[in-house]
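# Chain and residue survey
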Amino acid sequence: MDGYFSTDRHHRIRSDVRSFAETEVAPRVAAMENDRGVAHELSRLIARQGWIGATIGADYGGMDAGHVAKTIIIEELSRVSGAMGAMVQASQLGTAKIQHFGTDAQKKQWLPAVAGGACLPTIAVTELTSGSHVLGMSTTARRDGDDYVLNGRKAYVGNSHVGDLHGVVARTGAGSGRRSLSAFLVEADRPGFSAAPHRPAVGLPGFSFGELIFDECRIPAANRLGAEGDGLDVAYSSSILVGRPNLTAVSLGIHEAVVAETVRFAGWQRRYGRPVAELPTVRDQIGRMQSQLMTARLAAYHAAHLLDQGVECDAELQNAKLINAEYALDSARLAVEIHGAHVLFPDDSPIARYQRDAFHILPPAGTSAVQRLRLAEYALSQVKGAPWSTRFLSSNAAETDDALATLLPAPRAEALVEAEAV
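Residues numbered from 1 in each chain as written. Predicted model: local features only at pLDDT ≥ 70, side-chain atom pairs only at ≥ 80, totals over all residues. Heavy atoms only, no water.

Turning our attention to the overall build of the chain. Each helix and strand in the chain was counted, giving 13 helices and 10 strands. Expected size for 422 residues packed as a compact globule is a radius of gyration near 22 Å; at 21 Å, the chain falls within 12% of this value. Looking at the chain as a whole, 58% of its 422 residues are labelled buried. In the chain, 79% of the contacts between residues at least 6 apart in sequence involve partners at least 24 apart. Approximately 17100 Å² of the chain is accessible, and the part contributed by carbon and sulfur atoms is 54%. The averaged location of the 47 negative side-chain charges in the chain is 4 Å from the averaged location of its 41 positive side-chain charges. (Helix = DSSP H or I, 4+ residues; strand = E, 2+ residues; numbered from the N terminus. Rg over C-alpha atoms; globule rule 2.2 N^0.38 Å. Buried < 20%, exposed > 50% of the residue type's maximum accessible area, 1.4 Å probe, protein only. Contact = heavy atoms within 4.5 Å. Areas by Shrake-Rupley, 256 points an atom, 1.4 Å probe, with all protein chains shown as cover. Lys, Arg positive; Asp, Glu negative; His and termini not counted. Charge placed at Lys NZ, Arg CZ, Asp CG, Glu CD.)

Tracing the backbone through its elements, the reader meets Ala31 in helix 3 (residues 29–35). Distance in space between the C-alpha atoms of Ala31 and Pro205 is 9.3 Å, their sequence separation being 174 residues.

This part is about the packing of helix 2 (residues 8–25) against helix 5 (residues 66–80). Taken N-terminus to C-terminus, the directions of helix 2 and helix 5 make an angle of 25°; their axes are 9 Å apart at the nearest point. With respect to helix 5, the element helix 2 is oriented roughly parallel. The two elements helix 2 and helix 5 meet at a crossing, and its hand is right-handed. Residues His10, Ile13, Arg14, Val17, Arg18, Phe20, Ala21, Glu22 and Val25 of helix 2 lie in contact with helix 5, whose contacting residues are Val68, Ala69, Ile72, Ile73, Glu75, Glu76, Leu77, Arg79 and Val80. Residues of the contact of helix 2 with helix 5, tallied by class, amount to 11 nonpolar, 1 polar and 6 charged. (Axes fitted to C-alpha atoms, helices over the stretch in contact; angles between N-to-C directions. Parallel < 35°, antiparallel > 145°, perpendicular 65-115°, else oblique. Left-handed = near helix turned anticlockwise from the far one by under 90°. Nonpolar A, V, L, I, M, F, W, Y, C, P; charged D, E, K, R; others polar.)

So, about the nonpolar core. Judged by nonpolar contacts, the single largest core of 108 residues is most densely connected at Val25, Ile46, Leu77 and Met84. With 17 residues, helix 8 (residues 231–268) is the single largest residue contributor to this core. Excluding anything up to four places from it in sequence, Met84 contacts Val25, Met32, Ala39, Leu42, Ser43, Ile46, Leu77 and Gly206. If you look at the next biggest cluster of nonpolar residues, it comprises 15 residues, including Ala124, Val168, Phe184 and Val186. (Core = buried A, V, L, I, M, F, W, Y, C linked by side-chain atoms within 4.5 Å.)

This paragraph deals with empty space enclosed by the protein. The gaps of empty space that remain are located by a probe, the size of a water molecule, rolled over the atoms. Within the structure shown, the criterion is met by 4 cavities of 30 Å³ or more. Considered as a void within the structure, the largest cavity measures approximately 80 Å³ in volume. In this structure, the second largest cavity encloses a volume near 60 Å³. When contributions to the lining of the second largest cavity are tallied by element, the ones reaching two or more residues are helix 3, helix 6 (82–101) and helix 11 (351–359). Of the residues forming the lining of the second largest cavity, the biggest block, 3 residues, is contributed by helix 3. Taken together, the residues of the lining of the second largest cavity break down into 4 nonpolar, 2 polar and 3 charged. (1 Å grid on protein atoms, 1.4 Å probe; cavity = no way out; pocket = protein on both sides within 12 Å on 5 of 7 lines; lining within 4 Å. Points joined across faces, edges and corners; volume = space filled by probe spheres on them.)

Space inside the largest pocket adds up to approximately 1100 Å³. If you trace the largest pocket, you find 46 residues lining it, with Thr126, Ala155, Tyr156, Phe209 and Pro364 closest to the centre. Listing elements by their share of the lining of the largest pocket, those giving two or more residues are helix 6, strand 1 (121–124), strand 3 (147–158), strand 7 (209–220) and helix 8. The dominant element in the lining of the largest pocket, judged by the number of residues it contributes, is helix 8, at 7 residues.

Close contact between helix 8 and helix 10 (residues 314–339) brings their axes to 8 Å; oriented N to C, the two are set at 25°. Comparing their axes, helix 10 and helix 8 come out roughly parallel. Along this stretch, helix 8 crosses helix 10, giving a crossing that reads as left-handed. Across the contact of helix 8 with helix 10, the residue classes tally to 15 nonpolar, 8 polar and 4 charged.

A rise of 1.5 Å per residue sets the reference length of helix 6, with its 20 residues, at 28 Å; its end C-alpha atoms lie 29 Å apart and thus fit the reference within 8%. Most of helix 6 is tucked away: 19 of the 20 residues are buried. (Expected span 1.5 Å × (residues − 1).)

What follows deals with the side chain of Thr248. Mapped onto the secondary structure, Thr248 falls in helix 8. In this structure Thr248 comes out as buried when scored by relative accessible area, which is 2%. Looking at Thr248, its side chain comes within polar contact range of the main-chain oxygen of Arg244, at 2.8 Å. The residues contacting Thr248, other than those within four sequence positions of it, are Ala300, Ala320, Lys321 and Asn324. (Polar contact = N/O pair within 3.5 Å; in protein donor to acceptor, adjacent residues only side chain to side chain.)

Moving on, we come to the side chain of Asp308. In this structure, Asp308 sits in helix 9 (residues 280–309). At 2.6 Å, the side chain of Asp308 and the backbone nitrogen of His67 are in polar contact. Among the polar contacts listed, one links the side chain of Asp308 to the backbone nitrogen of Val68, at a separation of 3.0 Å.

And the structure:
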């Protein structure tokens, strides 16, 4: 797989991120697990490595490395800490809306800051009362002269408590049509903006995944992303093109940690005078875990590679998210069977942490049921609309490592399109 999807630059990136994760992140994992708070300092340290700007062009100070490189970065961090992999993916997700919908002025103002680690962006779409029904949101943005005034609450916002720049989708039009929503950039120091107290979640300790509050929060009209009415497109494009592959990479990293820890344990723990790895039932379970990991990795990098090449790949992104989220959890369950009661004590095994972290990846960017519904539409030729994976083609795809050009697959004859839903 490496020879097909990866270049020398990708290998260097993987080596750099792995070294950083093992030396800077791993020693802090136990403290994050015990504290259950937000890892502000570590988040900033990671941001300063420049990895948030993996897909930002060199003109704006970014790595201009593409989606395969982004997947590598998230995967390697998640292998050590799902929370820090989630932190990076959430801000990379928050970057996409500026790249796709930002004006030249907005890009010049914010993308260099993101690429340099001075700004952690987020995207805030979901609300407690509407969930994945984006058009059902109640947060409003009222035009007032040269400003907009925002009121409402957003929930489950990745990097809610470390973010500097929130991409907020709010209602600007009457009714519930697709053009009733608009998107805005809201700086975290704006009067009228606040974050609700941090609530520790089931998993991903150190990562903030909370609620944002807008109370007569006034922003200039120049902070609007795209045209008025583009909010739904901002939300869907971010979720489909970035959220799904990013969360895929988090699941993949956690999955790798589960398999590695299980193999280590099975070689160390003994039953009947020999390592449990020699027991046929355990070998069967480890073989299943390894097969699932290999399949998940292939799906993840295949989808990211197609996205880099500007090839229609909406279905591949859906499938990669589905396979990685499901397989990581299934392998974690098999790991529990092999470890037995050892997993019940955090000091004895990290498997319970991996399982909790993997559980977090199921709901965002569409649950597994949603991914299967979209894949069924693809199989039945019932998909509506143009494919998201080719809507924002730019020079970035063509400029991402000349060596990748030799790996370009033949164009596909069929049309692959995506329903506008997550």
